[in-house]
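# Report on the structure
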Amino acid sequence: MTSRVALTCRRQVHPQRFWNLFFAVNRGSLNSVGKKSDECQRWDVKDSCFPNASYEFVKYLRQYICNTLGSMIEEEMEKWTSEQNQGEEFGYDTVVQHVTKRTQESKEYKEMIHSLKNIMKIVVESMINKFEEDEIRSQERQKKIQKEKSSSYCTDNCSDSDSSFNQSYKFCQGKLQLILDQLDPGQPKEDRILKFYAQTFTLSPLHMTKEIYTSLAKYLELYFLSRENNIPTLSTGIDISNPNVTHLLKKIRLLNEYQKEAPSFWIRHPEKYMEEIVESTLSLLSVKHDQSHLVSQKILDPIYFLALVDTKAVWFKKWMHAYYSRTAVLRLLEKKYKSLITTAVQQCVQYFELCETMKGDEVLGHSKSCGIKQKTFYYSGQELQYIYFIHSLSLLGRLLIYTQGRKLFPVKLKTRKDSVSLTDLLVLFTQLIYHSPTCPKMTSPGHLEDYSPASMATEVLCILCDQKECAIECLYNNTVIEALLQPIRNLMKGTKAAPNCSETALIHIAHILARIASVEEGLTLLLYGENMNSSEEKSPTGAHLIAQFSKKLLDEDISIFSGSEMFPVVKGAFSSVCRQIYGTCEGLQVLIPYSLHESIAKAWKKTSLLSERIPTPVEGSDSVSLVSQESQNIKHGLYDMYTSSMAWEENLLDDLLNFAATPKGLLLLQRTGAINECVTFMFNQYAKKLQISRHKKFGYGVLVTQVASTAAGAIALRNSGFINALITELWANLECGRDDVRVTHPRSTPVDPIDQSCQKSFLALVNLLSYPAVFELVGNQSLPNKAEYSLREVPTSVIDIIDRLIILNSEAKIRSLFNYEQSHIFGLRLLSVVCCDLDTLLLLEAQYQVSELLLNAQEENTLETSESHREFIIDSLSVERNHVLVRINLIGGPMERILPPRLLEKGDEPYPWPMFSSYPLPNCYLSDSVTRSTDLKQDNDLGKLLLRFKMSDKQTAWIENCRRQFCKIMKAKPDIISGGALVELLEKFVLHLSESPSECYFPSVEYTATDANVKNENLSSVQQLGIKMTVRYGKFLNLLKDGAENDLTLVLKHCERFLKQQQASIKSSLLCLQRNYTSHDWFVSSLFIIMLGDKDKTFQFLQQFSRLLTSAFLWLPRLHISRYLPIDTIESGIHPVYFCSTHYIEMLLKAEVPLVFSAFHMSGFAPSQICMQWITQCFWNYLDWIEICHYIATCVFLGPDYQVYICIAIFKHLQQDILQHTQTQDLQVFLKEEALHGFRVSDYFEYMEVLEQNYRPVLLRDMRNMRVQST
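Per an unreviewed UniProt entry, the protein chain is named Protein broad-minded, and its organism is Bos indicus x Bos taurus. Entered under Function (unreviewed entry) in the UniProt record, the comment concerning the protein chain runs "Required for high-level Shh responses in the developing neural tube. Together with CDK20, controls the structure of the primary cilium by coordinating assembly of the ciliary membrane and axoneme, allowing GLI2 to be properly activated in response to Shh signaling." Its UniProt record, at the heading Subunit (unreviewed entry), says of the protein chain: "Interacts with CDK20, which promotes CDK20 stability and function. Interacts with FAM149B1; may play a role in cilium assembly."

What follows is the structure, given as structure tokens:
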């Protein structure tokens, strides 16, 4: 038996480390063989005849050694280890040293080396002979090919689209001779040199092309420095028909070709290879002639010719792209060639000064960019200066992207006293947009606009905007923003924007501003300026100025542009900037005073009427032969007018649609009356797979979720066809598609409860089916329950989905499904998520008796095991139904109820959870850790708080002292705020607040009805089911007793009558506005349990509480169709909790927990929807009872804004879970189904106090303004 050491060594050395041992043995003995192998490897690199030579050689060598020495090494290892002491362990190095020495001295090793030398000699000699023969044949073939294709390698073929460099590795000295032989001796010397350079670039290996390039660059550098050569001057310009100029340009072009190709392969070579190319280039471009007294007599430098060949400096863009080359370029620019940057800046400055001093038409002639890409044989000095300016602008724009490039600034110019900083340069670029002239329009789309100064400067600034770090350092400061806004300020003052500022320049400025506003840092700068907390800002910030200007444009209150055909484009450009601002919560808050939604809606209605009046052009409606030229012109004019009007109308609809990105913006959109048209527009864009705008990153998910959170939005989604399309797509993935869809391969069998192909549709339905949407789409509708369903009958509505996938109460429905089990599980999963909203659960239970149907299905899914016993069949459907039944029939927070898992366990009992087909639920689903109420009034801190209620002087200071004492208790001993103590605290505090006029928000309402007066009134079936659920939960908590159901019924009837006295009379097509509050009153139910079932105390408290501002946000029925709200707010059907509380939740979430906010947008889900669900049902099923009490008490004592802070604290608590479920793409399911595990209100009190200090003034001001909002 081998020892432990031997086994260890064998595992380590053989086979993985066997070769280490061998090469340690024969490091010095294979020199002669190594020389031969090295020679083979060199051939392998030079020629493609041996691509795998080195690999095959090593493979053979390893196998040969293994066969010869392998067994001997094994024997030596075992022999050596067996001789050692069994108690000792030896490391790897010890074993290797011993076995290496023995093997090196062995006879077998010496014989192997001798044999290997002989074999390798024969092989290498054979390879040499074969290589020489192949090379001779290759040369002969190459001569033949070169004769046929020699013309294809001429210099003139070196173009951007057809590269001259093929990165060949096949080259030998014979090819150089072949190239020389093919040159025509009759051609001029310059032409032969060019052709030689071109063909050597093409045929040489890469390491030789570097030598060719540097020699060409050096030659050109000497050529420009020589006084003997006739180089054109700036005054004479460049005549490219001149042979000397032609040859020079061809050489520069050949150089530029290689410049653009080199970055694709130079990383394979040593750094020195690349550095020599870079340095030779920069050295050439830095050549400067002695400056003449007259600028016009200046001899043209090499960079002028390079700018002619590569106007937009593509070579520099490619060199700066990769870190490998960028580092070398920037290092050389900093140390030796900074003059290149200085002259580029100087060129831009000179052009701008020219624009300021010369008239527009003169500058236009100077910057005759239309000549750049047109057929011309002569470039004047002015044109050359302009081309060099464009090249400089492109080069500087690329340089500023990178940190080290920005470190090259400031630069010192000879013509300026002060250095040019980064900010100065960016301001210069900005001023070029509106100071330089716009080239005349052309009928054919050419390259003209691409080379105009404004277009080029805009392109550079937009690229900088897209680089976050660069934008923050360069662009996002008041100086640059002020430069961008300067022409707008001038126009607002009634003066001319700038000498050459046109509509096109304003469009460029708007384009840049939209880029800035689409980024958080840029938006903040536009909204608040650089000093957010400073009150020194005398002029309005960028956002205010843009909004004012956009409103004037939309209202056509600026006469300077009236009648211009570009005017609609200018309006659209600036409305797009506003769209980026008001599409965020904080941006909307700033722009609300300008009522942009009204101006946009007014413009849209006007444009819509105009579009209807223009006859729609019909293709081919007239015969060309019979229609005069004048008629054709009219027809084309009408067509242009129609398309322009339609484009402007769609732009305005898009602007209006973006108000729906925030809760308050959605309210403003509904007030315009254009929500149906906007949602239809969104659906049409969605159907075309188009994004909302170039700045939106995550599509329509958030917009749809926001719209679906309101009743009017849900109706608009239905009318637009969105819901129909969504359900049709779902059915195609889940069951079957249309008859005309060709099936090319069978569908794979799903392995997940919801197949990946259906996941997107599932999440879209979850986003869609908020309670307001469900009530409008399903309320008062019965199920079809047909006697027969066609296999190809595709559902088109939500009621159809419920009928076909959820409530399968007939054989006809089951038979109509191709994939019954998979489809029904989809329906049950959807039911589980949707019913997490307790109002939706009560609605479905009241209309369709969902629980009873599920219980019947469980009963039918049993197997009779004996005469008196039946066993449930455990399958995917019964497990899912069991989970849903427990979820919808048991109320409780994370510690109060136990939900059975959906997955089976390993072992003998895969599903230990008891199933049931009748009520009550098995006790195992009821938690034993429920906190029972206790009377802790004797606590000292609580006693101090209660003592304050007996003080006679109860002014503002008294209220603040009570709140401070409450906060102290919540931080130190939160559990004592419960039971009887909580009742007394709430009663006395609210009583004193209601008696203080300064604390009352709503007026006092006289109410004299008695129990007898309301006894015969009827509650809705939803309210009745909610009462039963409340009493069941209260009894589970041991807080309610028998008879509580009748008492709660009376309280709710009194509340309905009390609130009805304060309701307005309106007519609406929305179901939710045609009757009393359609949901269950969860706040009254919670308060009833807090008051331990005392109906008198409960209603008395509600009457007092109804006067406080907090009641509007805690007690949602309080403002249902309330006369205290503006009529347009009532008609929208949107509650202040949605357009105020959840609006600020989203705003604070973005500022306080930005990762969570981004996660929501990436998931296509809106925080407002889940928060509305939490708040509406007072966190039932999400928090334990003690935490629900703390939520209510905190908002009552500290103010309604704490509702917002608590939601922010919850998101902060859930951050890691939210990020995880964003990755698994089930965020909305997680938030709706999962309770808030581990969250305690008291744990986040200090954090919420910080939020209060930062945000309370804004929040409370907006909450108080809800009654008078008319914007």
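This next bit is on the overall build of the protein chain. A tally of regular secondary structure across the protein chain gives 60 helices and four strands. A buried classification covers 55% of the 1271 residues belonging to the protein chain. In the protein chain, the share of contacts with a sequence separation of at least 24, taken over all contacts with a separation of at least 6, comes to 77%.

Take Ala-217: it is sitting in helix H9 (residues 206-225). Ala-217 sits in the buried class, given a relative accessible area of 1%. Separated by 34 residues in the primary sequence, Ala-217 and Lys-251 have C-alpha atoms spaced 9.1 Å apart. Among all residues touching Ala-217, those that are not within four sequence positions of it are Leu-255, Ser-280 and Leu-284.

The next point concerns the pattern of salt bridges. Once their charged atoms are close, side chains differing in charge can pair, the charge on each being opposite to the other. Within the structure shown, the criterion is met by 40 salt bridges. A salt bridge links Lys-210 to Glu-276; its shortest N-O distance comes to 2.8 Å. Placement of the pair is Lys-210 in helix H9 and Glu-276 in helix H11 (residues 271-285), with a sequence separation of 66 residues. With relative accessibility at 28%, the residue Glu-276 sits in the partly exposed group. Lys-1150 is paired through a salt bridge with Glu-586; the nearest N and O atoms lie 2.9 Å apart. Here Lys-1150 is found in helix H53 (residues 1136-1152), whereas its partner Glu-586 is found in helix H27 (residues 585-591), with 564 residues between them in sequence. Judged by its relative accessible area of 16%, Lys-1150 falls in the buried class. When salt bridges that share partners are traced, they join Arg-829, Glu-880, Arg-902 and Glu-1233 into one network.

Moving on: the packing of aromatic side chains. All told, the structure shown has 44 aromatic pairs when counted by the stated rule. Between the aromatic rings of Phe-762 and Phe-826, the centroid separation amounts to 5.4 Å while the plane-to-plane angle is 80°, which identifies the pairing as edge-to-face. Of this pair, Phe-762 sits in helix H35 (residues 756-768) while Phe-826 sits in helix H39 (residues 820-834); the two residues are 64 residues apart in sequence, bridging distant segments of the chain. Taking 6.2 Å as the distance between ring centres and 65° as the angle between the ring planes, the aromatic pair formed by Trp-1174 and Tyr-1182 counts as edge-to-face. With respect to burial, Trp-1174 and Tyr-1182 carry one shared label: buried. The structure contains a cluster of three or more aromatic residues connected by ring pairs, namely Trp-958, Phe-966, Phe-989, Phe-1197, Tyr-1202, Tyr-1205 and Phe-1245.

Moving on: unusual backbone geometry. Residue Pro-410 follows Phe-409 across a cis peptide bond; omega there is 5°. Considering the arrangement of structural elements, one finds Pro-410 in the loop between helix H18 (403-406) and helix H19 (422-435). Positive phi, close to 60°, is recorded for Asn-1038, a residue that is not glycine. Checked against the element boundaries, Asn-1038 lands in the loop between helix H47 (1021-1036) and helix H48 (1044-1060). By relative accessible area, Asn-1038 is classed as exposed at 54%.

The subject of this paragraph is the packing of H19 against helix H22 (residues 478-492). The interhelical angle for the contact between H19 and H22, taken along N-to-C directions, is 10°, at an axis separation of 9 Å. Considering the angle they form, H19 stands roughly parallel to H22. Residues Thr-423, Leu-426, Val-427, Thr-430 and Tyr-434 of H19 lie in contact with H22, whose contacting residues are Thr-479, Val-480, Ala-483, Leu-484, Gln-486 and Pro-487. Along the lines of polarity and charge, the residues of the contact of H19 with H22 split into seven nonpolar, four polar and no charged.

Residues with a pLDDT of 70 or more make up 80% of the protein chain, whose mean pLDDT is 83. Taken element by element, the predicted model of the protein chain shows its lowest mean pLDDT in helix H1 (residues 4-13) (36) and its highest in helix H57 (residues 1201-1213) (98). Of the regions scoring below 50 in pLDDT, residues 149-173 engages in 63 contacts with residues more than four places distant in sequence or in other chains. Within the model, the stretch residues 368-375 combines pLDDT values under 50 with 17 contacts to residues more than four positions away or in other chains.

Counting 375 residues, the largest nonpolar core has Leu-333 and Phe-409 as the members making the most contacts within it. When sequence neighbours within four positions are dropped, the list of residues in contact with Leu-333 reads Leu-282, Phe-316, Lys-338, Leu-340, Ile-341, Leu-399 and Leu-408. Leu-61, Trp-80, Tyr-109 and Leu-116 belong to the second-largest nonpolar core, a separate cluster that totals 17 residues.

Here we come to the side chain of Ser-286. Of note, Ser-286 is situated in the loop between H11 and helix H12 (302-309). Beyond its immediate sequence surroundings of up to four residues, Ser-286 is in contact with Tyr-337, Ser-339 and Leu-340.

Attention now moves to empty space enclosed by the protein. Within this structure, the stated rule accounts for ten cavities of 30 Å³ or more. Each pocket or cavity is described by its volume, and for the largest cavity that value is around 570 Å³. Contributing to the lining of the largest cavity are 30 residues, with Pro-772, Tyr-1077, Gly-1133, His-1135 and Met-1172 lying nearest its centre. Top contributing element to the lining of the largest cavity by residue count: helix H55 (residues 1167-1176), with four residues. Along the lines of polarity and charge, the residues of the lining of the largest cavity split into 15 nonpolar, twelve polar and three charged. Considered as a void within the structure, the second largest cavity measures approximately 110 Å³ in volume. Along the walls of the second largest cavity sit Gln-1023, Leu-1052, Cys-1055, Glu-1056, Leu-1059, Gln-1063, Asn-1076, Tyr-1077, Asp-1081, Pro-1117 and His-1120, which together make up its complete lining. Ranked by residues supplied to the lining of the second largest cavity, first place goes to H48 with four residues.

On to helix H31 (residues 675-687). Over its 13 residues, H31 extends 18 Å from the first C-alpha to the last, a length consistent with the 18 Å expected when each residue adds 1.5 Å. Following H31 by one or two positions, Lys-689 adopts a phi angle in the positive range, close to 60°.

Close contact between helix H17 (residues 381-399) and helix H20 (residues 453-466) brings their axes to 9 Å; oriented N to C, the two are set at 10°. On the basis of the axis angle, H17 is roughly parallel to H20. Taking contact as the criterion, the partners of Tyr-386, Phe-389, Ile-390, Leu-393, Ser-394, Gly-397 and Arg-398 in H17 are, on H20, Pro-453, Met-456, Ala-457, Val-460, Ile-463 and Leu-464.

This part covers the pairing of strand E3 (residues 862-866). Pairing geometry for E3 and strand E4 (residues 869-872), over four bridges, is antiparallel. Each residue of the ladder has a partner; that of Leu-863, found in E4, is Glu-871. Between E3 and E4, which pair antiparallel and follow one another directly, the connecting turn spans two residues.

Here we come to helix H44 (residues 956-972). When the terminal C-alpha atoms of H44 are compared, their 25 Å separation across 17 residues agrees well with the 24 Å that a helix rising 1.5 Å per residue should span. Residues of H44 that are buried: Trp-958, Ile-959, Cys-962, Arg-963, Gln-965, Phe-966, Cys-967, Ile-969 and Met-970.

Residue position: Leu-485 is located in helix H22. The exposure class assigned to Leu-485 is buried, which follows from its relative accessible area of 0%. In this structure, the C-alpha to C-alpha distance between Leu-485 and Ile-509, residues 24 residues apart in sequence, is 8.1 Å. If near-sequence neighbours (up to four positions away) are discounted, Leu-485 is found in contact with Leu-513, Gly-542, Leu-545 and Ile-546.

Cut-offs and rules
Residues numbered from 1 in each chain as written. Predicted model: local features only at pLDDT ≥ 70, side-chain atom pairs only at ≥ 80, totals over all residues. Heavy atoms only, no water. UniProt positions renumbered as here; feature names shortened; annotations may be inferred. Helix = DSSP H or I, 4+ residues; strand = E, 2+ residues; numbered from the N terminus. Buried < 20%, exposed > 50% of the residue type's maximum accessible area, 1.4 Å probe, protein only. Contact = heavy atoms within 4.5 Å. Salt bridge = Lys/Arg side-chain N within 4 Å of Asp/Glu carboxyl O. Phe/Tyr/Trp six-rings, centres within 6.5 Å; stacked < 30°, edge-to-face > 60°. Axes fitted to C-alpha atoms, helices over the stretch in contact; angles between N-to-C directions. Parallel < 35°, antiparallel > 145°, perpendicular 65-115°, else oblique. Nonpolar A, V, L, I, M, F, W, Y, C, P; charged D, E, K, R; others polar. pLDDT = per-residue confidence, 0-100. Core = buried A, V, L, I, M, F, W, Y, C linked by side-chain atoms within 4.5 Å. 1 Å grid on protein atoms, 1.4 Å probe; cavity = no way out; pocket = protein on both sides within 12 Å on 5 of 7 lines; lining within 4 Å. Points joined across faces, edges and corners; volume = space filled by probe spheres on them. Expected span 1.5 Å × (residues − 1). Pairing = 2+ DSSP bridges.

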